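# Observations on chain architecture
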Amino acid sequence: NKVGRAHSHPLTEMKKIFICETELQVAPKLIRSRMPSMHRTATLDFLEHKQPSTLVHPERRTRDDGIYTSHTFTTKDNRSVGVVLLDSRWNKDPTTILGAQQWSWLADTLQEHQDAGVLVTFILSSIQVLADFRPIGEYWGRHPAERNRLISTIARFNHSIVLLSGDVHLAAINQATCSEVAKEDPWTLLEVTSSGMTHSWEKPFWRKYIMLASHWLLPWNHNTDWALPLNFGVLDVDLETEQLRVQVLGDGGVFMIDKTFDLKSLRPNGSTARDSDVECKPILGVPAHASVLVQCLLFLGMCAAPPLLVASVVFYAAMRVRKFWVNRLKRRSSLDLETLKKHV
């Protein structure tokens, strides 16, 4: 019913789409298998793709394993930028994120972009790829084999590839230095996260406190820039100088992140290595195991400190109130005893 009511399209109906998305991502695959066609129709209708004949890729309405797709944008002088939109929900289960057919499609699409001379391809994933050490939520790191496969797939090509993601209610720039094992030919894998326009970790204050503590203490060594308020991202590709400008703006158009990257540094080396032979290290270095343990303990301590402090204050106040009433009752009992003695 929630999916069906989302057909009316107004922006206020977006919450119903999000509810459906959440239900699908946590439901077992057997249950989800009964819902995807309804979910696909509701999502594409919401995006105002009402008639298959008007779609750039009408197969999205009939494909049996997701609504993933790609686009290429070409200028008058035949310079182009590619966009790949993954579907990380349809086939997701404990063993895979994309599914066999989508994996094959992704490799073919990236090859098409390279053959067409695309300057840069942006791969959109609904969940973060490079993020690590997250106690809650979804991210590719919970499926190490799938993440390694994605990185090795990207590494096969030699045009610039950038990851875009969302989901986490904050903005971030994550980077990793990747190369084949035992080879000195590194390239930078860049991931830009922009999320969200309606919910963020900025409010209420306790959520902001937890997120600030996690950024200060947890070993998020992929992360070079981040912002907590409501935000949206802007990408500016300069085809002449081959520069990528990444901007994250907040309420009122305030710049929270503004970085420029050389697209040449974001080009994989065309590796033919297997999944396990491509290694990516956090841009800020790999933290030592002891350091990770200490940082995680400090983070847990900071998260536990406020509720423990509140509990201590409440307990102390309760004991003071109890002592007050006990003493008052004792005085009253003493007075009643003295009065009784006088009468006797």
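Anyway, here's the lowdown on the structure attached to this text. (Residues numbered from 1 in each chain as written. Predicted model: local features only at pLDDT ≥ 70, side-chain atom pairs only at ≥ 80, totals over all residues. Heavy atoms only, no water.)

### A closer look at the packing of aromatic side chains
In this structure the tally under the stated criterion is 3 aromatic pairs. Residues Trp 103 and Trp 140 carry aromatic rings whose centres are separated by 6.2 Å and whose planes lie at 80° to one another, so their mutual orientation is edge-to-face. Placement of Trp 103 in helix H5 (residues 100-115) and of Trp 140 in the loop between strand E3 (120-125) and helix H6 (144-155) is noted, with a sequence separation of 37 residues between them. Both residues of the pair, Trp 103 and Trp 140, count as buried. Taking the ring centre of Tyr 68 as reference, the NZ or CZ of Arg 63 above it sits at 3.9 Å. (Phe/Tyr/Trp six-rings, centres within 6.5 Å; stacked < 30°, edge-to-face > 60°. Helix = DSSP H or I, 4+ residues; strand = E, 2+ residues; numbered from the N terminus. Buried < 20%, exposed > 50% of the residue type's maximum accessible area, 1.4 Å probe, protein only. Lys NZ or Arg CZ within 6 Å of the ring centre and 35° of its normal.)

### A few points about the state of the cysteines
This model, assessed by the stated rule, comprises 1 disulfide. Cys 178 shares a disulfide with Cys 280; S-S distance 1.9 Å. Between Cys 178 and Cys 280, the S-S torsion sits near 110°, and that sign places the bridge as right-handed. One end of the pair, Cys 178, is in strand E5 (residues 171-180); the other, Cys 280, is in strand E11 (residues 278-282), and 102 residues separate them in sequence. For Cys 178, a relative accessible area of 0% puts it in the buried group. (Disulfide = S-S within 2.5 Å.)

### A look at H6
Its 12 residues give H6 an end-to-end C-alpha distance of 16 Å, which sits within 8% of 16 Å, the value for a rise of 1.5 Å per residue. All of the buried residues along H6 are Glu 146, Arg 147, Leu 150, Ile 151, Ser 152, Thr 153, Ile 154 and Ala 155. Buried positions along H6 lie against H5, E3, strand E4 (160-165), E5, strand E6 (187-193) and E11. (Expected span 1.5 Å × (residues − 1). Contact = heavy atoms within 4.5 Å.)

### Examining the nonpolar core
General note: in soluble globular proteins, nonpolar side chains tend to be found buried as a group. By size, the foremost hydrophobic cluster in this structure holds 26 residues, and its most contacted members are Leu 86, Leu 106, Ile 123, Trp 140, Ile 154 and Leu 189. Residue assignment for this core shows that the elements contributing at least two residues are H5, H6, E4, E5 and E6. Discounting residues that sit within four places of it in the chain, Ile 123 has contacts with Val 84, Leu 86, Leu 110, Ile 154, Ile 161, Val 162, Leu 163 and Leu 164. Of all hydrophobic cores here, the second largest spans 19 residues; its members include Val 120, Phe 122, Val 192 and Phe 261. (Core = buried A, V, L, I, M, F, W, Y, C linked by side-chain atoms within 4.5 Å.)

### Quick notes on the sheet that holds strand E8 (residues 232-238)
What the 3 strands build is an open sheet, ordered E8-E9-E10; its pairing is antiparallel. Among the strands making up the open sheet, the edge pair consists of E8 and strand E10 (255-262). Ignoring which end each strand starts from, the neighbouring axes of this sheet average 15° apart. Relative to E10, strand E9 (residues 243-249) is paired through 7 bridges, and the arrangement is antiparallel. Bridge pairing links Gln 243 to Asp 262 in E10. (Pairing = 2+ DSSP bridges. Axes fitted to C-alpha atoms, helices over the stretch in contact; angles between N-to-C directions.)

### Digging into the packing of H5 against H6
With their axes 11 Å apart at the nearest point, H5 and H6 run at an angle of 20° to one another. Accordingly, the angle class assigned to the pair H5 and H6 is roughly parallel. As for the relative orientation of H5 and H6, their crossing is right-handed in sense. Between H5 and H6, the residues in contact are Trp 103, Leu 106, Ala 107 and Leu 110 and Glu 146, Arg 149, Leu 150 and Thr 153, respectively. (Parallel < 35°, antiparallel > 145°, perpendicular 65-115°, else oblique. Left-handed = near helix turned anticlockwise from the far one by under 90°.)

### Comments concerning H5
Helix length check: H5 (16 residues) gives 23 Å between terminal C-alpha atoms against 22 Å at 1.5 Å per residue, within 8%. If you check which residues of H5 are buried, you get Gln 102, Trp 103, Trp 105, Leu 106, Ala 107, Thr 109, Leu 110 and His 113. Summarising the contacts, the buried residues of H5 are in contact with strand E1 (69-74), strand E2 (80-85), E3, H6 and E4. Positioned one or two residues after H5, Gly 117 has a phi angle of 80°, which is positive.

### Some remarks on the pattern of salt bridges
For the structure shown, the criterion picks out 9 salt bridges. Where Glu 138 meets Arg 89, a salt bridge forms, and the shortest distance between an N and an O atom there is 3.3 Å. Taken as a pair, Glu 138 in the loop between E3 and H6 and Arg 89 in the loop between E2 and H5 lie far apart in primary sequence, 49 residues in all. Overall, Arg 89 belongs to the buried group, its relative accessible area being 7%. Residue Arg 267 is joined to Glu 242 by a salt bridge in which the shortest nitrogen-to-oxygen separation is 2.6 Å. Placement of the pair is Arg 267 in the loop between E10 and E11 and Glu 242 in the loop between E8 and E9, with a sequence separation of 25 residues. With a relative accessible area of 29%, Arg 267 lands in the partly exposed category. Shared partners join several salt bridges into a network, and the residues in it are Asp 77, Arg 79 and Glu 240. (Salt bridge = Lys/Arg side-chain N within 4 Å of Asp/Glu carboxyl O.)

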